[in-house]
Amino acid sequence: MPRLAASVALAALAACVVASPVAEPAITEAPKLAKRATSCTFSGSSGAASASASQKSCSTIILSDIAVPSGTTLELTDMEEDTTIIFEGETTWGYEEWDGPLLEISGTSITIEGATDAYLNPDGSRWWDGEGSDGGVTKPKFFYAHDLTDSTITNLYIYNTPVQAVSIDNCDGLTITDMTINSEAGDSEGGANTDGFDIGSSTNVVITGAEVYNQDDCVAVNSGTDITFENGVCSGGHGLSIGSVGGRDDNTVDTVTFYNNEVKSSVNGIRIKAIEGDTGSITGVTYQEITLEDISGYGILIEQNYDGGDLDGGTPTSGIPITDLTLDNISGVDAVESGGYNIVIVCGSSGCSDWTWTDVDVTGGSTYSDCENAPDDISC
Ligand SMILES: *[C@@H]1O[C@H](CO)[C@@H](O)[C@H](O)[C@H]1NC(C)=O
């Protein structure tokens, strides 16, 4: 069925298809029949509030052409386990200057899907003023994927976020497959701090097949364990980042893998930032099979003197050691533009150890001459 016809048909089903109030079936050998099997469809400007109000009674929540009113969150944080959420058509949000988030989903064994041709359109260009989250109008964060356990998000297409797109926090077991975050228009229309994925205090997170077009980190891991970002494309932003680490409640990064990703038209390719003077640890980070292209600032930047800006920090410190760092097959021949640096390493006196770098080929820019305390015969 064509998408339009499908949504008309679904709209005709009206708000919520509630199962008839029949008691649990007496037939005990088919206990599955007793499970809640209610599919609810919500749409239009009342859909977000109705979905939030009814979420516990629906096993499948279909969000069809939802128009979320300004200043409100499309919030699904109180569902039963094993609930499925399906976005259909275009989801929109009204304009208001506030912190957001515009969308928040939490729960256990939650399946979140975008239907074919569905897209989430916060139309961030209405807020863009070139100042991101540092000034100008207050801009809402887009999607809090917080407190999700053993859950999946598949095939979501997100278009033009006001600032940061997807915040992953306090999740355990979350797989995100084929997500597109397309804020490319922000390159010319004043988008800033439009991070793709910001990850904190989470374990067992896999993001596979993501495409991110934005103006800040493609992915930034601030803390967490067993995080994988693979088969992704990053364009226009600040690259594949760890950190900045330091100064939060959780400052431990352990076992993060970036595998088979392409970073193009970006300020940085690979970046690890530890905040000067803070404590924590960054261990077991692997970058493997990474292709770089058109990098303006730094092909690889690893610093233990981060203070909010790149390369203008003071003396690097060792309180957030970067250990067991693997770089393998980093392809960046002629990838760095002439004004940039190929590799910058600024470590504290005992801050960096047990690094294994093989087939790291990043050229095109300048060689950094003030490399500090790089371990294991690795140089800038
Ligand atoms: C290195 O990475 C490139 C790009 O991902 C890939 O095509 C190639 O097979 C890799 N080489 C090895 C030796 O793994």
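Since this is a predicted model, take the numbers as computed values, not measurements.

## Points about the overall build of the protein chain
Along its length, the protein chain carries three helices and 25 strands. Rg of the C-alpha trace for the protein chain: 22 Å, near the compact-globule value of 21 Å for 380 residues, within the 12% margin. Sequence separation of 24 or more characterises 68% of the internal contacts of the protein chain that already satisfy a separation of 6 or more. Just so you have it, the protein chain exposes about 15,200 Å², and 44% of that area is on carbon and sulfur atoms. When the 12 basic and 59 acidic side-chain charges of the protein chain are each reduced to a single mean position, those positions are 10 Å apart.

## Focus on a negative patch on the surface
A surface patch of negative charge is lined by Glu81, Asp82, Asp150 and Asp172. Here Asp172 shows up in strand β12 (residues 172–177). The exposure class of Asp172 is partly exposed, given its relative accessible area of 35%.

## Points about the state of the cysteines
Enumeration according to the criterion identifies four disulfides in this entry. Note that Cys40 is cross-linked by a disulfide to Cys58, the S-S spacing being 2.1 Å. On the sign convention where negative is left-handed, the bridge of Cys40 and Cys58, at about -100° about the S-S bond, is left-handed. Linking Cys40 in strand β1 (residues 39–44) with Cys58 in the loop between α2 (47–54) and β2 (60–68), this pair joins segments that are 18 residues apart in sequence. The pair Cys40 / Cys58 is uniform in exposure class, with both members buried. Linked covalently through their sulfurs, Cys218 and Cys234 form a disulfide whose S-S length is 2.2 Å. Residues Cys218 and Cys234 are joined by a disulfide whose S-S torsion is about -65°; by sign, that bridge is left-handed.

## Thoughts on the UniProt feature "active site" (unreviewed entry) in the protein chain
Feature annotation in UniProt assigns "active site" (unreviewed entry) to the following positions: His238. Separated by 3.5 Å, the side chain of His238 and the backbone oxygen of Gln215 make a polar contact.

## Focus on the nonpolar core
Ranked by internal contacts, the top residues of the largest apolar core, which has 88 residues, are Ile168, Phe197, Ile242, Phe258 and Tyr287. The greatest single-element share of this core, amounting to ten residues, is contributed by strand β22 (residues 281–306). Beyond its immediate stretch of four places on either side in the chain, Phe197 contacts Val166, Ile168, Ile176, Met179, Ile181, Ile207, Ala210, Val212, Cys218, Val219, Ala220 and Phe229.

## Focus on the site of the ligand
With respect to spatial proximity, the complete set of residues near the ligand consists of Asn260, Glu289, Thr291 and Asn329. In this structure, an oxygen atom belonging to the ligand sits 3.4 Å away from a side-chain N or O atom of Glu289. Within the side chain of Asn329, an N or O atom sits 2.4 Å from an oxygen atom of the ligand. Isolated, the ligand exposes 360 Å² of accessible area, and the fraction of that covered by the protein chains is 41%.

Reading the values: rules and limits
- Residues numbered from 1 in each chain as written.
- Predicted model: local features only at pLDDT ≥ 70, side-chain atom pairs only at ≥ 80, totals over all residues.
- Heavy atoms only, no water.
- Helix = DSSP H or I, 4+ residues; strand = E, 2+ residues; numbered from the N terminus.
- Rg over C-alpha atoms; globule rule 2.2 N^0.38 Å.
- Contact = heavy atoms within 4.5 Å.
- Areas by Shrake-Rupley, 256 points an atom, 1.4 Å probe, with all protein chains shown as cover.
- Lys, Arg positive; Asp, Glu negative; His and termini not counted.
- Charge placed at Lys NZ, Arg CZ, Asp CG, Glu CD.
- Patch = residues over 30% accessible without salt bridge, like charges linked within 9 Å, V, L, I, M, F, W, Y side chains within 5 Å.
- Salt bridge = Lys/Arg side-chain N within 4 Å of Asp/Glu carboxyl O.
- Buried < 20%, exposed > 50% of the residue type's maximum accessible area, 1.4 Å probe, protein only.
- Disulfide = S-S within 2.5 Å.
- UniProt positions renumbered as here; feature names shortened; annotations may be inferred.
- Polar contact = N/O pair within 3.5 Å; in protein donor to acceptor, adjacent residues only side chain to side chain.
- Core = buried A, V, L, I, M, F, W, Y, C linked by side-chain atoms within 4.5 Å.
- Near = heavy atom within 4 Å.

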